[in-house]
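# Coordinate analysis (summary)
Now for the letters of each chain:
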Amino acid sequence: MLYDGLILYGPPASGKDTLTVALTECGPMYARFERLKAGTGNMIGYRPITPAELDQLDAQGQILFRNDRYGNTYAIDLPTLSDHIALGQIPIVHVGQVAAVAALLEQRLRWLTVLLWCTRQVSAQRLRNRGAADVEARLTAWDETRADLLASPCDYFVLKLRTDELSPVWAAHVIDAKAHGTDTGYIVPSDLAEIIRG
């Protein structure tokens, strides 16, 4: 394996959860990294924490990145990330901010960075299909994610995948092959603006 960890970056409903499931079916080495969440609402895929506990971890230097969205605070903590690595797992970290990618890349780990994208319309339809109650807020986050990417001075991504053009199984295969250093014949698009159209 050429990488220690996997970063899946993308706007809401771009396929991070679906790709994570598909990747875990590729092999037992893949493990979802559950971010900390201080707030309310859906806790599936997160580890609940109080704001005071989160602030304490932050003061101890244990938080690699934190952000506020949808009225909640989300964080990536170093101890849990280290635990995954110690177990020989490849943690799959979901992020939606370029600053989060940059913060993780500062760690002395070999990260496979993957941009997942789909059109705003596809995101909206996926959100409605899964019964999201805050579609408009998440579409605002889609807009913010696109603006964040276009404003970034760096292209951090090894792979760029359109999840509205690739099946989850094939996208997972491309990622897994890259992680193992094998070739699938997939050509990584070079034009970021073209990838994040729509």
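All residue numbers here refer to positions counted from 1 along the written sequence of the relevant chain. The model is predicted, so local features are restricted to residues of pLDDT at least 70 and side-chain atom pairs to those at 80 or more, both for listing and for counting; the totals for chains, interfaces and linings are taken over all residues. Side-chain numbers here rest on the full set of heavy atoms in the structure, without hydrogens or water.

### With respect to helix α5 (residues 120–129)
Each residue gets one of three labels from its accessible area relative to the maximum for its type: buried under 20%, exposed over 50%, partly exposed in between, using a 1.4 Å probe on protein chains only. Secondary structure elements are taken from DSSP: a helix is a run of H or I of four residues or more, a strand is a run of E of two residues or more, and numbering for both begins at the N terminus. Those residues of α5 lying buried are S123, A124 and L127. Buried residues along α5 cover an arc of 100 degrees about the axis, so they all sit on one side. For α5, the exposed residues set more than 90 degrees away from the buried face come down to Q121 and N129. One or two positions beyond α5, positive phi appears at G131, with a value near 75 degrees. Within this analysis, the arc is defined by the directions that extend from the helix axis to the C-beta atoms.

### Structural notes on the pattern of salt bridges
Salt bridge, as used here: a side-chain nitrogen of Lys or Arg that lies within 4 Å of a carboxyl oxygen of Asp or Glu. On inspection of all chains with the given rule, the structure shows 10 salt bridges. For E144, the salt bridge goes to R69, with nearest N and O atoms at 3.1 Å. Of this pair, E144 sits in helix α6 (residues 135–151) while R69 sits in strand β5 (residues 63–69), and the two are 75 residues apart along the sequence. Judged by relative accessible area, E144 falls into the partly exposed class, the value being 42%. Overall, the relative accessible area of 17% leaves R69 in the buried class. Ionic pairing is found between D164 and R162, a salt bridge with its closest N-O pair at 2.8 Å. Under the relative-accessibility criterion, D164 is labelled partly exposed at 27%. For R162, a relative accessible area of 5% translates into the label buried. When salt bridges that share partners are traced, they join D55, D58 and R66 into one network.

### A look at the side chain of D77
As for its position among the elements, D77 is in strand β6 (residues 72–77). Two N or O atoms form a polar contact when they lie within 3.5 Å of each other; inside protein one atom must be a possible hydrogen donor and the other a possible acceptor, and for residues adjacent in sequence the pair counts only when both atoms belong to side chains. In this structure the side chain of D77 is engaged in a polar contact, spanning 2.5 Å, whose partner is the side chain of R47. Looking at D77, its side chain comes within polar contact range of the side chain of T80, at 2.7 Å. Once residues within four sequence positions are removed from consideration, D77 is found in contact with F33, L36, R47, Q62 and I63. Working rule for contacts: check all heavy atoms of both residues, and any pair within 4.5 Å makes them a contact.

### Topic: helix α1 (residues 16–24)
When α1 is considered as a whole, its buried residues turn out to be K16, L19, T20, A22 and L23. Along the axis of α1, the buried residues cluster in a sector spanning 165 degrees; they form a single face. On its buried face, α1 sits against β1 (5–9), β2 (30–32), β7 (90–95), β8 (111–117) and α7 (168–180).

### Some details on the packing of aromatic side chains
Between 30 and 60 degrees the pair is tilted, below 30 it is stacked and above 60 it is edge-to-face, where a pair is any two Phe, Tyr or Trp rings, Trp via its six-membered ring, whose centres lie within 6.5 Å. Tallying each qualifying case throughout the model produces three aromatic pairs. Centroid distance Y9 to F157: 5.2 Å. Interplanar angle 45 degrees. Geometry classified as tilted. Of this pair, Y9 sits in strand β1 while F157 sits in the loop between α6 and β9 (159–162), and the two are 148 residues apart along the sequence. Here the two residues Y9 and F157 agree in accessibility, since each one is buried. On the numbers, 5.4 Å between centres and 50 degrees between planes, the contact of Y46 with Y74 is tilted. Taken together, the residues Y46 in strand β4 (residues 46–48) and Y74 in strand β6 connect sequence positions 28 residues apart. When its relative accessible area of 19% is taken as the criterion, Y46 is described as buried. Geometrically, a charge over a ring is one whose NZ (Lys) or CZ (Arg) sits within 6 Å of the ring centre while staying within 35 degrees of the ring normal. Its guanidinium or amino end placed over the ring of Y46, K37 lies 5.1 Å from that ring's centre, counting from NZ or CZ.

### Considerations on the nonpolar core
Buried together is how nonpolar side chains tend to be arranged in soluble globular proteins. Core analysis: the biggest nonpolar cluster contains 23 residues, and Y9, I76, V95, L104, L115 and L149 have the highest contact counts within it. Elements with a minimum of two residues in this core: β1, β5, β7, α4 (98–105), β8, α6 and α8 (192–195). In terms of residues, this core owes the most to one element, α4, which gives five residues. Nonpolar cores are built from buried Ala, Val, Leu, Ile, Met, Phe, Trp, Tyr and Cys residues. Side-chain atoms within 4.5 Å join them into one set. Of all hydrophobic cores here, the second largest spans 20 residues; its members include A22, L23, A171 and I175.

### Some details on the packing of α1 against α7
Each pair of packed helices can be described by the angle between their axes along with the distance between the axes. Viewed as axis vectors pointing N to C, α1 and α7 meet at an angle of 65 degrees, and their least axial separation amounts to 9 Å. For α1 against α7, the interelement crossing comes out right-handed. Listed contacts from α7 to T18, L19, A22 and L23 of α1 are P168, A171, A172, I175 and D176. Amino acid classes used here: Ala, Val, Leu, Ile, Met, Phe, Trp, Tyr, Cys and Pro are nonpolar; Asp, Glu, Lys and Arg are charged; the rest, including Gly, are polar. Counted by class, the contact of α1 with α7 contains seven nonpolar, one polar and one charged residues. Axis angles are defined between N-to-C directions and span 0 to 180 degrees, where every axis is a line fitted to C-alpha atoms and, for a helix, only to the segment in contact. The crossing is said to be left-handed when, going from far helix to near helix, the turn is anticlockwise and less than a right angle, and right-handed when the turn is clockwise.

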